[in-house]
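# Per-entry structural report
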Amino acid sequence: MATIDLTVHPDRLERAVQRARERGIIIPTFAQMKDPTRIPEKIREQLKQTGLWDVTPVNLFRITWKNEPKPFGGLFGGVNFIEFPSSLTGVPARIIALVGKWFPTGAHKVGAAFGCLVPRLVTGQFDPTTQKAVWPSTGNYCRGGAYDSALLDCQSIAILPEGMSRERFEWLSRIAGEVIATPGSESNVKEIFDKCWELRRSGEDLMIFNQFEEFGNYLWHYEVTGHAMEEVLRSALGSNDAYRGVALTTGSAGTIASGDYLKQVYPTSKIIASEALQCPTLLQNGFGAHRIEGIGDKHVPWIHNIKNTDIVIAIDDNDVVKIMRLFNEPVGQEYLQRKGVPVEIIEKLNLLGFSGIANVLSAIKFAKYYELTGNDVVLTVLTDSMELYGTRIEEYREQFGEFTPADAAEAFAGALHGVRTDALIELSYAERKRIHNLKYYTWVEQQGKTYEEIQAQWYDPNYWTDVQRQAGEIDAKIEAFNRMVGLL
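This text gives an overview of the structure that appears in the document.

Thresholds applied
Note on numbering: residues in each chain are counted from 1, in written sequence order. Note on the predicted model: pLDDT of at least 70 is required for a residue's local features to be given, and 80 or more for side-chain atom pairs to be given and counted; whole-chain, interface and lining totals, by contrast, use all residues. The basis for every side-chain value is the complete set of non-hydrogen atoms in the structure, without hydrogens or water. Here the nonpolar core consists of buried residues drawn from Ala, Val, Leu, Ile, Met, Phe, Trp, Tyr and Cys, with membership extended through side-chain atoms lying within 4.5 Å. Per-residue accessibility, obtained with a 1.4 Å probe over protein chains only, is compared with the maximum for each type, and a residue is labelled buried under 20%, exposed over 50%, and partly exposed between these values. Secondary structure elements follow DSSP: runs of H or I no shorter than four residues count as helices, runs of E no shorter than two count as strands, and numbering proceeds from the N terminus. Here a residue-residue contact requires only that any non-hydrogen atoms of the pair lie within 4.5 Å. Strands pair, by our definition, only if DSSP identifies at least two bridges between them. Convention adopted: a line fitted to C-alpha atoms gives each axis, helices being fitted over their contacting stretch, and angles between N-to-C directions are expressed from 0 to 180 degrees. Only the six-membered ring of Trp is used, alongside the rings of Phe and Tyr, when aromatic pairs are assigned; centres must lie within 6.5 Å, and planes under 30 degrees apart are stacked while those over 60 apart are edge-to-face, with the rest tilted. Any carboxyl oxygen of Asp or Glu that lies within 4 Å of a side-chain nitrogen of Lys or Arg is treated as forming a salt bridge with it. Throughout this description, any angle smaller than 35 degrees is read as roughly parallel, any larger than 145 degrees as roughly antiparallel, any in the 65 to 115 degree range as roughly perpendicular, and the remainder as oblique. We call a crossing left-handed when the near helix sits turned anticlockwise from the far one by less than a right angle, and right-handed when that turn is clockwise. Note that Gly is not counted as nonpolar here; it falls among the polar residues with everything else outside the nonpolar set of Ala, Val, Leu, Ile, Met, Phe, Trp, Tyr, Cys and Pro and the charged set of Asp, Glu, Lys and Arg.

In this structure, Ile-27, Trp-65, Phe-209, Phe-215, Trp-220, Leu-379 and Phe-481 are the most contacted members of the largest nonpolar core, which totals 95 residues. The dominant element in this core, judged by the number of residues it contributes, is helix α9 (residues 215-236), at 11 residues. Leaving out residues up to four positions away in the same chain, Phe-481 has contacts with Leu-13, Ala-16, Val-17, Ala-20, Ile-27, Leu-121 and Val-122. Of all hydrophobic cores here, the second largest spans 57 residues; its members include Ala-97, Phe-327, Phe-354 and Val-360.

Next up, the structure:
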């Protein structure tokens, strides 16, 4: 079944409602996450006394792109975004990125976790009083899931590769019930899936929220991120400007669902899927390992609508590491200032984590390939910030030495302004079908999907739109749940 299952289980639902009542949990709707002016005044008053990253139920209402960018007491404004000047990007096109730091947990993946958990919670499919919630991830998603689980006072298991940043593990050690580190690093997603199968066979009462196949992840980004991007465009586009496309590393392929929404509003726009050159799965049916934390691969996520994807780009992780140092080392920031990058932009470059840098590079490559002008707008997303990677700076100093003015010049001229348009393909029908067919090896052979399901993804014209139409139905279930809890 492509659509999100909203079958109600009354006995479990009663227990979920009681837990929410005990924990003081009110659940926001998709409509409120898109438009926080809909949030009740009672909750707004609570938020004025609450830190953005506090583990408290009221912060569920901060799962939105519109939080005030402040760590304590903020309410809501416009969508948080940054526009990068040509002095930084080296291209005339306007590259605009939505900022993920100002979500609870410091990354927008808390929204994807919400999208996966809540439909099961408000229907009684997931019982937080008896079941463990399992969150397989390469980092930020399991942090979001552990956060949601802590609010519900339910047991959680976070699964992520052992090679992820130390900050992720330190944070999870304080929030998650159990943390499982699987072998490998960013690209080792199959090892995460294998651990999930081991847990299923254990006989424990648990529910696995696999972001790579959960349509709640897709729907949250289609509905919430897509509308946020549309608002940015409506405010940013001048009378002679044109929106050209959204460039995103695929990861779990949740965020790229925003491109499906934008294509319905701007039919000529492009969806650009990006990955690491060291692990070119979409580009070359390939494999490998890479250092762009947040975009785990070596497979094609089940929820990636390949038939609607236009371009595949690969980004060299060496470029990402060099640019990370350019943006965050004092020598690099001094060099950027000498090259004419405004100080107010330099001060915001810590908003880009590794995947954010890769996203911006993808947007630059797209702009170069299509020879976009100053009237062309490209969107992307900064999933998280450097707050989650501070130890990486120290590690790279030890590995590569101090960052010198010569290193800064090389990173700026080569990795940033000198990024080339190779490792890029425009997808024909046949190329799209090739990438879609790669799903078979992961999802049908290994993860229990059927031949009929994978064929439906390609041939059923309603497959994706049926999911897209479910936001209103889920909101109705959330509102019914909140009435049963009785705290509003």
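This brings us to the sheet that holds strand β6 (residues 206-208). Spatial strand order, β5-β4-β3-β6: 4 strands in an open sheet with parallel pairing. Edge positions in the sheet fall to β5 (178-182) and β6, since each of these pairs with one other strand and no more. When strand polarity is set aside, the average angle formed by the axes of neighbouring strands in this sheet is 20 degrees. The pairing of strand β3 (residues 132-136) with strand β4 (residues 156-161) spans 4 bridges and is parallel. Residue pairing for β4: Val-134 is matched across the bridge by Ile-157. Together, β3 and β4 form the strand contacts of helix α6 (residues 140-152), whose direction differs from that of β3 by roughly 165 degrees.

In spatial order, the strands read β1-β2-β10-β7-β8-β9-β11; together these 7 strands make up an open sheet with mixed pairing. A strand with exactly one partner marks an edge of an open sheet, and here the two such strands are β1 (81-84) and β11 (424-426). Direction aside, the axes of adjacent strands within the sheet are offset by 25 degrees on average.

If you walk through the whole model with that rule in mind, you get 26 aromatic pairs. Measuring from centroid to centroid gives 6.4 Å for Phe-215 and Tyr-218, while their planes differ by 75 degrees, and the two rings are edge-to-face. Of this pair, Phe-215 and Tyr-218 both sit in helix α9, 3 residues apart, roughly one helical turn. You'll find Phe-215 and Tyr-218 in the same group, each marked buried.

Let's shift gears to the pattern of salt bridges. One pass over the full model with this rule turns up 29 salt bridges. Across the pair Asp-127 and Arg-15 runs a salt bridge whose closest N-O atoms are separated by 2.6 Å. Placement of the pair is Asp-127 in the loop between α5 (109-121) and β3 and Arg-15 in helix α1 (residues 10-23), with a sequence separation of 112 residues. Given a relative accessible area of 35%, Arg-15 falls into the partly exposed group. For the salt bridge of Arg-325 with Glu-329, the shortest nitrogen-to-oxygen distance reads 3.1 Å. With a relative accessible area of 5%, Arg-325 lands in the buried category. Beyond isolated ion pairs, a larger network of salt bridges with shared partners links Arg-325, Glu-329, Glu-394 and Arg-397.

Among the structural elements, Ser-355 can be located in helix α15 (residues 354-369). In this view, Ser-355 contacts Thr-249, Ile-292, Glu-293, Ile-295, Thr-383 and Asp-384; residues no more than four positions away in its chain are not counted.

A few words now on the packing of α6 against helix α7 (residues 166-175). Angle between the axes and distance between the axes are the two parameters that describe a pair of packed helices. Running from amino to carboxyl end, α6 crosses α7 at an angle of 15 degrees, the nearest separation of the two axes being 10 Å. Relative to α7, the element α6 is oriented roughly parallel. For the pair α6 and α7, the sense of crossing is left-handed. Between α6, through Asn-140, Cys-142, Arg-143, Ala-146, Tyr-147 and Ala-150, and α7, the contact on the second element is made entirely by Arg-168, Trp-171, Leu-172 and Ile-175. Here the residues of the contact of α6 with α7 are counted per class, giving 7 nonpolar, 1 polar and 2 charged.

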